[in-house]
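As a plain string of letters, each chain reads:
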Amino acid sequence: MSHKVLVLPGDGIGPEIMAEAVKVLESLRSDGLDIELEHGLVGGAAHDASGTPLPENTLRLARAADAVLLGAVGGPRWESLNIALRPEKGLLGLRSELGLFANLRPALLYPQLASASSLKAEVVAGLDLMIVRELTGGIYFGQPRGVRVLADGQREGFNTLVYSESEIRRIARVAFDIAMKRGRRVCSVDKANVLECTELWREVVSMVAKDYPQVSLTHMYVDNAAMQLVRAPKQFDVIVTTNMFGDILSDEAAMLTGSIGMLPSASVDAAHKGMYEPIHGSAPDIAGKGIANPLGTILSVAMMLRYTLDQPDLALRVERAVEAVLSQGLRTADIHTNGCSRVGTAQMGAAVVAALHG
Ligand code: NAD
């Protein structure tokens, strides 16, 4: 069956890193991967071409695709635009129009890069965890919300933490499905000792766990989870949590790896249709110089192969190829250390393609 992938390079370093990721993807055709690539505009590039960060044509192509591969959007050129026209609106619009409610944020640290972390190498070397964050509900979207004036004249700000059983059930299912493809352990993070909403979260996640007898489920309060992530992060396989807790914990986990250019991410729906992108932004400070690290985008291709295209063997091969180039001592400027060979974006991409087929 042919898979449709929409490629959206975006702005800044987006086109440079995307060119390398596409080379990797296209090279897998010789291994039997049947893909059709479409190309579109999003973000500042789309605004310049058509006056909107999310053109109707891009949305149509995204709806028709099995997966979207995105570079990054944004940059100083578009910062003074009206908020509705800013590049980031293109990203948010895609996520909401496609109903991508689960955000997958792996934190993976190759042993070769363990010295890049601010934690001791033995604490993080070989780290491989996945945070599954609920993305479209919870306190960021709950009603009522706002700032009101009280009878005594002072103002009061308020937001609502709300999750329905079906919202909890569907994010829990994504987490358990992913755990089945990984280490078969899920840790659900909540604040059930204080928040009724997450008491329900804990109850519903436990009910879903009954459908996955091969997966072991544990529960942890968010304050302890934040502590355990820096104390002993290798204890985790899959963490599933609410929108706000996931927002905070996924950035904390990403920083355990010390290198923003290496990390992929995904946002998926219940059918595992997804949008895949590196976690970093458009890095305008290095755009056009040919020095950006393409590995986060290449690893986003690996995630897409595993979670949407259902090609776990090819996903693993891409990940192994990335590991092989790191073992060869190749490094882009952002992860360079003494004794390694400094390479540019295109050389790094070519090295991954060579390692894939070596
Ligand atoms: P950034 O992630 O673009 O850059 C932060 C720092 O990391 C910069 O020094 C940059 O050079 C470096 N860096 C990032 N990716 C790199 C890579 N692949 N290789 C080497 N170095 C890399 O964050 P920022 O500077 O805060 O934001 C720049 C623009 O990107 C802004 O317009 C912001 O809104 C946008 N942004 C977009 C996304 C996205 O598209 N998902 C995410 C974050 C920020």
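Residues numbered from 1 in each chain as written. Predicted model: local features only at pLDDT ≥ 70, side-chain atom pairs only at ≥ 80, totals over all residues. Heavy atoms only, no water.

**A few points about the nonpolar core**
Right, so step 1: One finds L104 and V132 to be the most contacted residues of the largest nonpolar core, which totals 87 residues.
Right, so step 2: Take this core: its biggest share by element is nine residues, from helix 10 (residues 295-307).
Right, so step 3: If you count residues domain by domain, this core takes at least three from each of domain 1 (1-101 + 269-358) and domain 2 (109-133 + 167-259).
Right, so step 4: Non-local contacts of V132, meaning those with residues more than four positions away in its chain, are made with N103, L104, I171, V174, A175, I178, V238, I239, V240 and T241.
Right, so step 5: Counting 16 residues, the second-largest nonpolar core is a separate cluster that includes L6, L8, L54 and L94. (Core = buried A, V, L, I, M, F, W, Y, C linked by side-chain atoms within 4.5 Å. Buried < 20%, exposed > 50% of the residue type's maximum accessible area, 1.4 Å probe, protein only. Helix = DSSP H or I, 4+ residues; strand = E, 2+ residues; numbered from the N terminus. Domains from an automatic or database assignment. Contact = heavy atoms within 4.5 Å.)

**A short note on the pairing of strand 3 (residues 67-72)**
Right, so step 1: With six of six residues buried, strand 3 lies mostly within the body of the structure.
Right, so step 2: By the bridge criterion, five bridges tie strand 1 (residues 3-10) to strand 3 in an arrangement that is parallel. Among the inter-strand pairings, L6 is bridged to a residue of strand 3, identified as V68. (Pairing = 2+ DSSP bridges.)

**Overview of the site of the ligand**
Right, so step 1: The ligand sits among 20 residues. The nearest are E88, G281, A283, D285 and N293.
Right, so step 2: Interatomic distance of 2.7 Å between a side-chain N/O atom of E88 and an oxygen atom of the ligand.
Right, so step 3: For the ligand, a nitrogen atom lies 3.2 Å from a polar atom in the side chain of H280. (Near = heavy atom within 4 Å. Polar contact = N/O pair within 3.5 Å; in protein donor to acceptor, adjacent residues only side chain to side chain.)

**A short note on the sheet that holds strand 8 (residues 185-190)**
Right, so step 1: Within the open sheet, the ten strands sit side by side as 2-1-3-12-11-4-5-10-8-9. Their pairing is mixed. Since the sheet does not close on itself, it has two edges, and those belong to strand 2 (35-39) and strand 9 (216-221), each with one partner. Here the strands of the sheet are splayed against their neighbours by 20 degrees on average, with no regard to which way each runs.
Right, so step 2: Pairing of strand 1 with strand 2, which is carried by five bridges, proceeds in the parallel orientation. Bridge pairing in strand 2 links H3 to I35.
Right, so step 3: Running at roughly 150 degrees to strand 12 (residues 274-278), helix 4 (residues 87-97) makes contact with strand 1, strand 3, strand 11 (264-268) and strand 12 of the sheet.
Right, so step 4: Sheet contacts for helix 9 (residues 243-256): strand 4 (102-108), strand 5 (128-134), strand 8 and strand 10 (238-241); angle to strand 5, the most-contacted strand, approximately 155 degrees. (Axes fitted to C-alpha atoms, helices over the stretch in contact; angles between N-to-C directions.)

**Some thoughts on the domain arrangement of the protein chain**
Right, so step 1: What the domain assignment lists for the protein chain is domain 1 (1-101 + 269-358) and domain 2 (109-133 + 167-259).
Right, so step 2: Computed over C-alpha atoms only, the centres of domain 1 and domain 2 are separated by 25 Å.
Right, so step 3: Around 1,300 Å² of area is buried between domain 1 and domain 2 when both sides are counted, 65% of it from carbon and sulfur atoms.
Right, so step 4: Considering only the surface of domain 1 that becomes buried against domain 2, F101, H272 and Y307 emerge as the three largest contributors, covering 42% of it.
Right, so step 5: Taken together, the links from domain 1 to domain 2 amount to one salt bridge.
Right, so step 6: For K181, the salt bridge identified is with D310, shortest N-O distance 3.8 Å.
Right, so step 7: Taken together, the links from domain 1 to domain 2 amount to four residue pairs in polar contact (both at pLDDT 80 or more).
Right, so step 8: Those elements giving two or more residues to the side of domain 1 that touches domain 2 turn out to be helix 10 and helix 11 (312-327). (Buried area = accessible area lost by both parts, 1.4 Å probe. Salt bridge = Lys/Arg side-chain N within 4 Å of Asp/Glu carboxyl O.)

**A closer look at the packing of helix 10 against helix 11**
Right, so step 1: At their nearest, the axes of helix 10 and helix 11 sit 7 Å apart, and the two run at 160 degrees to each other. Judged on the interaxial angle alone, helix 11 and helix 10 are roughly antiparallel. Two packed elements cross with a definite hand, and for helix 10 against helix 11 that hand is left-handed. Taken together, the residues of helix 11 that come into contact with helix 10 (itself represented by L295, I298, L299, A302, L305 and R306) are P312, L314, A315, L316, V318, E319, V322 and L326.
Right, so step 2: Taken together, the residues that form the contact of helix 10 with helix 11 break down as twelve nonpolar, no polar and two charged. (Parallel < 35°, antiparallel > 145°, perpendicular 65-115°, else oblique. Left-handed = near helix turned anticlockwise from the far one by under 90°. Nonpolar A, V, L, I, M, F, W, Y, C, P; charged D, E, K, R; others polar.)

**Regarding helix 10**
For an α-helix, 3.6 residues make a turn, and residues three or four places apart therefore share a direction.
Right, so step 1: Helix length check: helix 10 (13 residues) gives 18 Å between terminal C-alpha atoms against 18 Å at 1.5 Å per residue, within 8%.
Right, so step 2: Across the 13 residues that make up helix 10, a large majority, 13, are buried. (Expected span 1.5 Å × (residues − 1).)

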